Amino acid sequence: MTGKRELSLYYHIPFCTRKCDYCHFYVLPNQESLKDQLFEGFLLEKERWNSVISHHTIPSLYFGGGTPALFGPERIAAIIDSTPLDSHAEITLEANPENITYALMDAYKRAGVNRVSMGIQSLNDELLAVLTRTHGAQKAIDAVYACKEAGIKNISIDLMYDVPYQTLEQWNDTLSKAVMLPITHLSLYNLTFEPHTVYFKKAALKKAVPHEEASLQMYQNAVRTFEQSGLSRYEISAFAKNGHVSRHNVGYWTGRQFLGFGPSAFSDYGGKRFRNVANQSKYLAALRNGTSPADFEEELDPAAKVRELFVIRMRLKEGCDLTQFALDTETLQTIQRLIADGFLEQEANQVKLTDKGILFYDTVASELI
Ligand code: SF4
């Protein structure tokens, strides 16, 4: 034991070959000059935090995006090599199937990446076209095998439901194909129509989203199929085989502090939450001037912070030990009401979501916060 507190690190790499019509993230075109600029920004930003980093244990390093696999193994290796990681640190690279080859993943493995999170979303070509993704189903399958052959043992995939025109049959087919893949982890997302996206403006697409009952069925079928295949649900939408839970994401759900580098990246450190400006030029200009690239910062009062942590932690299957949270009387009363209404259940001091509570987590969360 070092006695140091844990701190996770996140690098936001916003490049994509094409922006998906439903995407609301900060995304930039796949250009080398922009990557060089971002790399410079990362070096400058990390320098600002080096003394903080050196006083913590770093259990996870996460390259998210965007499509971090477009950043190049040399740049990724340089970041990994300059980070004082815990010897068993989880080092995740998000990737999209389109550009994945054995040679590329072999290079990332040599760079130090030990976990890949692949944005597959669907194994149905028609739905992938609706989503305007740049890959087809076969390419997605090949990409997962390329990772495995390159020796990356920890592979996660993302799947998406509530996609316009999606049928239960298509979803069940994707689920049964997905569980045949050599994966250790799976994250489930339901598609949402976010403002400022191409999707948001298309009324016809909104009308073609599966209705609520079908959506519920899709979630339940997914949970059943995954559990039968050894992918155990450990969080509302996250499933792991043989204990391969995401150390990085568990950090978010258990209140571990984290620093996010890059444009639009969030951090939670020292009781404050802050976000970098979602503009790479402004991000870099701030850092070159020796100032913070954050354009948003908030500090929750202690009681609100405890409630928020409780609510986020409730996403985990095991729920929360009430004795570990100094909750106010009003929140404790709300918990009792949610138990009476069948959203939560309690055993000794442990409180967790019921099956109904899982399906209505957003309602539970808004009642408690
Ligand atoms: S690949 Fe992901 S980050 Fe890139 S545009 Fe599509 S949804 Fe957005």
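In case you missed it, the structure is sitting above this.
As a starting point, this report considers the structure included with it. (Residues numbered from 1 in each chain as written. Predicted model: local features only at pLDDT ≥ 70, side-chain atom pairs only at ≥ 80, totals over all residues. Heavy atoms only, no water.)

### A few points about the overall build of the protein
To be explicit about the condition: Helix numbers and strand numbers start at the N terminus; a helix is a DSSP run of H or I with at least 4 residues, a strand a run of E with at least 2. Atoms considered for the radius of gyration are the C-alpha atoms alone. The globule rule reads 2.2 Å times the number of residues to the power 0.38. Exposed residues in this analysis have more than 50% of their type's maximum accessible area, buried residues have under 20%, and partly exposed residues fall in between, with area computed by a 1.4 Å probe over protein chains only.
Assigned secondary structure in the protein consists of 14 helices and 17 strands. The C-alpha radius of gyration of the protein comes to 21 Å, within 12% of the 21 Å expected for a compact globule of 369 residues. Its C-alpha atoms give the protein principal-axis dimensions of roughly 55 × 50 × 40 Å. Looking at the protein residue by residue over its 369 residues, the buried ones come to 53%.

### Description of the pairing of strand 8 (residues 185-190)
Applicable threshold: Two strands are counted as paired when DSSP detects at least two bridges linking them.
Looking at chain direction, strand 7 (residues 154-161) and strand 8 are connected through six bridges and run parallel. If you follow Ile157 over to strand 8, its bridge partner there is Leu186.

### Remarks on the sheet that holds strand 16 (residues 344-347)
Taken together, the three strands give an open sheet; going across it, the order is 15-17-16, and neighbouring strands pair in antiparallel fashion. The sheet is open, and its two edges are formed by strand 15 (320-321) and strand 16, each paired on a single side. Pairing of strand 15 with strand 17 (residues 350-353), which is carried by two bridges, proceeds in the antiparallel orientation. For Asp321, the partnering residue across the bridge sits in strand 17 and is Gln350.

### A few points about empty space enclosed by the protein
Heads up, the rule is: A cavity, in this analysis, means grid points on a 1 Å lattice covering only the protein atoms where a 1.4 Å probe fits yet has no way out; a pocket is instead an open set bounded by protein on both sides within 12 Å along at least five of seven lines, and a residue lines either one if it has an atom within 4 Å of a point. Grid points are joined across faces, edges and corners, and a volume is the space filled by probe spheres set on the points. Side-chain classes are defined by residue name, with Ala, Val, Leu, Ile, Met, Phe, Trp, Tyr, Cys and Pro counting as nonpolar, Asp, Glu, Lys and Arg as charged, and the others, Gly among them, as polar.
Summed over the entire model, instances satisfying the criterion amount to one cavity of 30 Å³ or more. Lining the largest cavity are Asp268, Gly271, Lys272, Arg273, Glu298, Leu300 and Lys305. Of the residues belonging to the lining of the largest cavity, the class tally is one nonpolar, one polar and five charged.

### Here's the deal with helix 3 (residues 102-111)
When helix 3 is considered as a whole, its buried residues turn out to be Leu104, Met105, Asp106, Tyr108 and Ala111. Trailing helix 3 by a residue or two, Gly112 shows a phi angle of about 120°, which is positive.

### Considering helix 10 (residues 280-288)
Think of an α-helix as 3.6 residues a turn; residues three or four steps apart then line up on the same face. The cut-off we apply is this: Within this analysis, the arc is defined by the directions that extend from the helix axis to the C-beta atoms. Contacts between residues were defined by any pair of non-hydrogen atoms, one from each residue, lying within 4.5 Å. Distance and chemistry together define a polar contact, namely a pair of N or O atoms within 3.5 Å, with one atom able to donate a hydrogen and the other to accept it when in protein, and with adjacent residues in sequence counting only for side-chain atoms on both sides.
Residues of helix 10 that are buried: Gln280, Tyr283, Leu284, Ala286 and Leu287. The buried residues of helix 10 occupy an angular sector of 160° when projected down its axis, which confines them to one face. What points out from helix 10, more than 90 degrees from its buried face, is the exposed set Ser281, Lys282 and Arg288. Of the surrounding secondary structure, the elements contacted by the buried residues of helix 10 are strand 2 (15-16), strand 3 (28-29), helix 1 (32-54), strand 11 (257-261) and strand 13 (272-276). A distance of 3.0 Å separates the backbone nitrogen of Ser281 from a side-chain oxygen at the start of helix 10, and that oxygen is part of Asn279. Trailing helix 10 by a residue or two, Gly290 shows a phi angle of about 75°, which is positive.

### Digging into the side chain of Ser187
Summarising the element assignment, Ser187 is placed in strand 8. On the basis of relative accessibility, which here comes to 9%, the residue Ser187 falls in the buried class. Those residues in contact with Ser187 that lie beyond four places of it in its chain are Ser156, Ile157, Asp158, Leu159 and Ser237.

### Observations regarding the environment of Gly357
Turning to its location among the elements, Gly357 is positioned in helix 13 (residues 355-359). Residue classification places Gly357 among the buried positions, given a relative accessible area of 0%. When the C-alpha atoms of Gly357 and Glu297 are compared, they prove to be 31 Å apart, with 60 residues separating the residues in sequence. The contacts of Gly357, once residues within four sequence positions are left out, are Gly342, Phe343 and Val364.

### Observations regarding the packing of helix 11 (residues 302-313) against helix 14 (residues 361-368)
Rules: Helix axes are fitted only over the stretch in contact, all axes being lines through C-alpha atoms; the angle between N-to-C directions runs from 0 to 180 degrees. Each angle receives one of four descriptions, namely roughly parallel if under 35 degrees, roughly antiparallel if over 145, roughly perpendicular if within 65 to 115, and oblique otherwise. Note: crossing handedness is left-handed where the near helix turns anticlockwise from the far helix by less than a right angle, and right-handed where it turns clockwise.
Two elements in contact, helix 11 and helix 14, have axes separated by 10 Å at closest approach and are oriented at 165°. For the element pair helix 11 / helix 14, the angle class is roughly antiparallel. With respect to the hand of their crossing, helix 11 and helix 14 are arranged in right-handed fashion. Contacts between helix 11 and helix 14 pair Arg307, Phe310, Val311 and Ile312 from the former with Tyr361, Ala365 and Leu368 from the latter. The residue inventory of the contact of helix 11 with helix 14, partitioned by class, reads six nonpolar, no polar and one charged.

### Looking at the environment of Val209
Mapped onto the fold, Val209 is located in the loop between helix 7 (203-207) and helix 8 (212-228). Given the relative accessible area of 25%, Val209 is considered partly exposed. Along the primary structure Val209 and Val163 are separated by 46 residues, whereas in three dimensions their C-alpha atoms are 5.8 Å apart. Excluding residues within four positions of it along the chain, Val209 makes contact with Asp162, Pro164 and Phe193.

### Some thoughts on the pattern of salt bridges
Worth spelling out the cut-off: Note on definitions: salt bridges are taken to be side-chain nitrogens of Lys or Arg within 4 Å of carboxyl oxygens of Asp or Glu.
Going through the model one piece at a time under the given rule, you end up with 17 salt bridges. With its nearest N and O atoms 3.2 Å apart, the salt bridge here joins Glu6 to Arg256. Of the two residues, Glu6 is situated in strand 1 (residues 5-13) and Arg256 in the loop between helix 9 (247-253) and strand 11; the sequence distance between them amounts to 250 residues. Given a relative accessible area of 35%, Glu6 falls into the partly exposed group. Across the pair Lys272 and Glu297 runs a salt bridge whose closest N-O atoms are separated by 3.7 Å.

### Considerations on the packing of aromatic side chains
Rule in force here: Within 6.5 Å between ring centres, the rings of Phe, Tyr and Trp (the latter by its six-membered ring) count as paired, and their orientation is classed by plane angle as stacked under 30 degrees, edge-to-face over 60, tilted in between.
The final tally for this structure, using the stated rule, is 17 aromatic pairs. A ring pair is formed by Tyr11 and Phe42, whose centres lie 4.8 Å apart and whose planes are at 90°; its orientation type is edge-to-face. Residue Tyr11 is located in strand 1, and its partner Phe42 is located in helix 1; the two are separated by 31 residues in the primary sequence. On the basis of relative accessibility, which here comes to 2%, the residue Phe42 falls in the buried class. On the numbers, 6.1 Å between centres and 70° between planes, the contact of Tyr234 with Trp253 is edge-to-face. In this pair, Tyr234 is assigned in strand 9 (residues 232-235) and Trp253 in helix 9, connecting sequence segments 19 residues apart. Taken individually, Tyr234 and Trp253 each receive the classification buried, so the pair is uniform in this respect. In this structure an aromatic cluster arises from ring pairing among Tyr11, Phe15, Phe39, Phe42, Phe63, Phe71 and Phe261.

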